[in-house]
There are 2 protein chains.
Amino acid sequence: VIVAEFEGLKTSVDAFHRGRFHLVQPVGGGHRSGIDAMLLAAMVPNGFAGQLADLGAGAGAAGMAVVSRCDAANITLVENDPVMAECARLSVALDQNKAFSGQIKIIEADVTLKGPTRLAAGLDDDTFDFVIFNPPFNDPSDRKTPDSRKQNAHVMGAALWEDWLRTATAIVKPGGHMALIARPESLGDILGAIGKRFGALRILSVHPHKDAAAIRILISGQKGSRARLALLPPHVLHELGSDAFLPEANAVNNGERALV
Amino acid sequence: VIVAEFEGLKTSVDAFHRGRFHLVQPVGGGHRSGIDAMLLAAMVPNGFAGQLADLGAGAGAAGMAVVSRCDAANITLVENDPVMAECARLSVALDQNKAFSGQIKIIEADVTLKGPTRLAAGLDDDTFDFVIFNPPFNDPSDRKTPDSRKQNAHVMGAALWEDWLRTATAIVKPGGHMALIARPESLGDILGAIGKRFGALRILSVHPHKDAAAIRILISGQKGSRARLALLPPHVLHELGSDAFLPEANAVNNGERALV
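Everything in this summary refers to the structure shown in the same document. (Residues numbered from 1 in each chain as written. Chains lettered and ligands numbered in written order. Predicted model: local features only at pLDDT ≥ 70, side-chain atom pairs only at ≥ 80, totals over all residues. Heavy atoms only, no water.)

### Brief notes about the sheet that holds strand β2 (residues 9–16) of chain B
Residues and elements named next belong to chain B. In plain terms, the rule: Pairing between two strands requires that DSSP report at least two bridges joining them. By definition, any uninterrupted DSSP run of H or I lasting at least four residues is a helix, any uninterrupted run of E lasting at least two residues is a strand, and each is numbered from the N terminus. Axis angles are defined between N-to-C directions and span 0 to 180 degrees, where every axis is a line fitted to C-alpha atoms and, for a helix, only to the segment in contact. The contact criterion used is simple: two residues touch if any of their non-hydrogen atoms lie within 4.5 Å.
The three strands lie next to each other as β1-β2-β3, forming an open sheet whose pairing is antiparallel. Unpaired on one side and paired on the other, β1 (2–6) and β3 (21–27) mark the two borders of the sheet. The average angle at which neighbouring strand axes cross in this sheet is 35°, direction not considered. Along the sheet, helix α3 (residues 82–93) contacts β1, β2 and β3; its crossing angle with β3, the most-contacted strand, is approximately 150°.

### Details of the relation of the copies chain A and chain B
Under the convention used in this document: Fitting of the copies onto one another was done by least squares over C-alpha atoms, counting residues only where both copies have pLDDT of at least 70.
Superposing chain A onto chain B takes a rotation of 180° combined with a translation of 0.0 Å along the rotation axis, leaving an RMSD of 0.0 Å. In the structure described here, the two chain copies are related by an operation that fits a two-fold rotation axis. Here 100% of the interface residues in chain A have copies in chain B that are interface residues too; the copies meet face to matching face.

### Focus on the environment of Glu 108 of chain B
Residues and elements named next belong to chain B. Residue placement: Glu 108 occurs in the loop between β6 (104–107) and α4 (115–120). Note: C-alpha distance between Glu 108 and Val 3 (105 residues apart in sequence) is 21 Å. Apart from residues no more than four positions distant in its own chain, Glu 108 is found in contact with Glu 79, Asn 80, Pro 82, Ala 85 and Arg 89.

### A few points about empty space enclosed by the protein
Using the following cut-off: Buried and open spaces are told apart on a 1 Å grid over the protein atoms alone, a cavity being a set of points where a 1.4 Å probe fits but cannot get out and a pocket being an open set with protein on both sides within 12 Å along at least five of seven lines. Residues with an atom within 4 Å of a point are the lining residues. Grid points are joined across faces, edges and corners, and a volume is the space filled by probe spheres set on the points. Only Asp, Glu, Lys and Arg are considered charged in this grouping, and only Ala, Val, Leu, Ile, Met, Phe, Trp, Tyr, Cys and Pro are considered nonpolar; every other residue, Gly among them, is considered polar.
One pass over the structure, following the stated rule, counts two cavities of 30 Å³ or more. In this model, the largest cavity occupies a volume close to 60 Å³. Mapped by element, the contributors of at least two residues to the lining of the largest cavity are β9 (198–207) of chain A together with β9 (198–207) of chain B. Here the element with the most residues in the lining of the largest cavity is β9 of chain B; it accounts for three residues. Tallied by class, the residues present in the lining of the largest cavity amount to seven nonpolar, four polar and no charged. The space that makes up the second largest cavity amounts to roughly 30 Å³. Taken together, His 17, Met 38, Ala 41, Ala 42, Ala 65, Arg 69, Val 252, Gly 255 and Arg 257 of chain A form the lining of the second largest cavity.

### Observations concerning the packing of helix α6 (residues 158–171) of chain B against helix α7 (residues 187–194) of chain B
Residues and elements named next belong to chain B. Selection rule: For a crossing to be left-handed, the near helix must be turned anticlockwise from the far one by less than a right angle; the clockwise case is right-handed.
Relative to each other, α6 and α7 sit at 35°, their axes nearing to 9 Å. Pair α6 / α7 crosses with right-handed handedness. Residues Ala 158, Trp 161, Glu 162 and Leu 165 of α6 form the contact with α7, whose participating residues are Asp 189, Ile 190, Ala 193 and Ile 194. Residue classes in the contact of α6 with α7 are distributed as six nonpolar, no polar and two charged.

### Thoughts on helix α2 (residues 61–69) of chain A
Heads up, the condition is: Throughout this description, buried means an accessible area under 20% of the type-specific maximum (1.4 Å probe, protein chains only), exposed means over 50%, and partly exposed covers the range between.
Of all nine residues making up α2 of chain A, nine are buried, and the element is well covered by its neighbours. By the burial criterion, the buried members of α2 of chain A are Ala 61, Ala 62, Gly 63, Met 64, Ala 65, Val 66, Val 67, Ser 68 and Arg 69 of chain A.

### Some points on the packing of helix α7 (residues 187–194) of chain A against α7 of chain B
This is how it is decided: Any angle from 65 to 115 degrees is called roughly perpendicular, while one under 35 is roughly parallel, one over 145 is roughly antiparallel, and all others are oblique.
Where α7 of chain A meets α7 of chain B, the closest approach of the two axes is 9 Å, and the angle between their N-to-C directions is 110°. Of the possible angle classes, the one that applies to α7 of chain A and α7 of chain B is roughly perpendicular. α7 of chain A and α7 of chain B meet at a crossing whose hand is left-handed. For the pair α7 of chain A and α7 of chain B, contact is made by Leu 187, Gly 188 and Leu 191 of chain A and by Leu 187, Gly 188 and Leu 191 of chain B, respectively. Taken together, the residues of the contact of α7 of chain A with α7 of chain B break down into four nonpolar, two polar and no charged.

### Section: the sheet that holds strand β2 (residues 9–16) of chain A
All names here are of chain A. Strand order in the open sheet formed by three strands is β1-β2-β3, and the pairing between neighbours is antiparallel. Because the sheet does not close on itself, it has two edges, and the strands there are β1 (2–6) and β3 (21–27). Neighbour to neighbour, the strand axes of the sheet diverge by 35° on average, direction disregarded. Judged from the three bridges that link them, β1 and β2 form a sheet pairing that is antiparallel.

### Observations regarding the layout of surface pockets
Of the volumes computed, that of the largest pocket is approximately 1200 Å³. Looking at the lining of the largest pocket, the elements that each hand over two or more residues are β12 (235–236) and α8 (247–253) of chain A together with β9, β12 (235–236) and α8 (247–253) of chain B. Split into classes, the residues belonging to the lining of the largest pocket amount to 19 nonpolar, seven polar and ten charged.

### Comments concerning the interface of chain A and chain B
Put simply, the rule is: Computed with a 1.4 Å rolling probe, the buried area is the accessible surface lost when two parts are put together, summed over both parts. The salt bridge criterion pairs a side-chain nitrogen of Lys or Arg with a carboxyl oxygen of Asp or Glu, the two atoms within 4 Å. Each polar contact in these results corresponds to two N or O atoms within 3.5 Å; when the atoms are within protein, one needs to be able to donate a hydrogen and the other to accept it, and residues that are neighboring in sequence are counted only if both atoms are side-chain atoms.
Residue-level contacts link 24 residues of chain A with 24 residues of chain B. A buried area of about 1700 Å², summed over both sides, lies between chain A and chain B, and 69% of it is on carbon and sulfur atoms. Of all residues in chain A, Arg 228, Leu 231 and Pro 233 of chain A bury the most surface against chain B, accounting for 37% of the area lost on that side. Residues Arg 228 of chain A and Glu 185 of chain B are paired through a salt bridge, measuring 2.9 Å at the closest nitrogen-oxygen approach. One can count four residue pairs in polar contact (both at pLDDT 80 or more) joining chain A with chain B.

### Topic: the pairing of β2 of chain A
Residue and element names in this part refer to chain A. Hairpin connection from β1 to β2: two residues lie between these consecutive antiparallel strands, with Glu 7 at a positive phi of about 45°. Relative to β3, β2 runs antiparallel, the two being bridged by seven bridges. Each bridged residue has a counterpart across the sheet, and for Thr 11 the counterpart in β3 is Pro 26. Counted along the chain from β2 to the antiparallel partner β3, the turn is four residues long, and its residue His 17 has a positive phi close to 50°.

### Notes on the packing of aromatic side chains
To describe a pair of aromatic rings, you give the distance between the ring centres and the angle between the ring planes. Residue and element names in this part refer to chain A. What counts, and what does not: Aromatic pairing here means that ring centres of Phe, Tyr or Trp (its six-membered ring) are within 6.5 Å. Orientation follows from the plane angle: under 30 degrees is stacked, over 60 is edge-to-face, and everything else is tilted.
Per the stated rule, a full pass over the model turns up six aromatic pairs over all chains. Each ring, one from Phe 48 and one from Phe 130, has its centre 5.6 Å from the other, and the planes form 85°; the classification is edge-to-face. Of this pair, Phe 48 sits in the loop between α1 (35–41) and β4 (49–55) while Phe 130 sits in strand β7 (residues 128–133), placing them 82 residues apart in sequence. Comparing Phe 48 with Phe 130 shows no difference in burial state: the two are buried.

Here it is as structure tokens:
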């Protein structure tokens, strides 16, 4: 179903979590959310209550996946791309999402803003209980995407981890949490950028099947904690030799289970 | 069987790899090798031929485990502790090890030596095809070991990763390889110390059973490579609810299979 057109971009309404929430997303251009956003949302534990910021939220997939599972969560979607932010606004306004739309706020701003400009955008210090981020993490040398909007959402240099983690650290309350999703090759850059900002790090690798190298890493941490890093058992998506999701992976994709 | 006594330290002769090699090890004090050394050795691929240095070799477990599986390997054991170095010499001299004892050399030296003193100790630049190291990696805040020799083998601050990796980088040929074993909480320090010295990093986590967090990480890399880091599928030691090793883990412990 094509619901709108902005700057020549068609959008569709897509069901997630077996229809418990819907997203307005670009068709044929721009970033479309899939299991990355569902995996990231699954790093928020069941029963989470409080303020959660979804940085680089796109159309709002990860944040909505959290509120669809954790009904005492309040979500702030932060997105800089005007078309994606408009998709997020349209998503929140959908009748299918009215059960929780009052718990979602949208800030159209650059995650990497600093100091007074960040505060002016509404990203205050020490205000969030949880920050999640699914940054544009694909390596520019790896893939050429013909569409520039899609490229913005996928391309991220090593230095940008520092920018995103600086903001995440600033806006999370002391003792609050963060979670991020990335490609495995960014692990060194990410741990370097985290430094001592977050402790109690938990790393979870996502493998297409049990005998394959990881395609994604999920990392969570607690602001100011000095507890040690742990490498959790991996999350495996598919049975060997099959494209079908394993039952556990399916439960995560559909918001029936957290990963932590 | 107690074979000798140094500085009040009794030693025993222990069989590894189903009796294919034996080690003289301290009894009731000092570092005794176990599966850590076998896991590290398993990061060297089958058929490896060339010069391999085992840094912080102790009694020589990891290096001997390599030569017991890769019969074209030449091994240099580097150990600073005089008693452990003596254990290594006694191990090499054992009749049970005569099949490969001509392929093993021992250097009694501090791995962290720099410049001319490192060269004078026999650790030349760009000379090894492979360097493996099983450094003293336990966190000093974690465990108190009553025995000071055991403590030397287990205690390592973050800064020492830099020292060990500096030497590993210096002595490996361009395009040569390294592998190390560590505790998961050292991951950030290790990736920071590796920096761009080694690429094509492969990280393999070792889990006691499939649902438990990792107890060790194994990392390998190639000097000067710019290939990306990969997170390999984990290595699982035991069946859930059992102390028995899984068949794959048993094969690794016994030198019948490499991990890479």
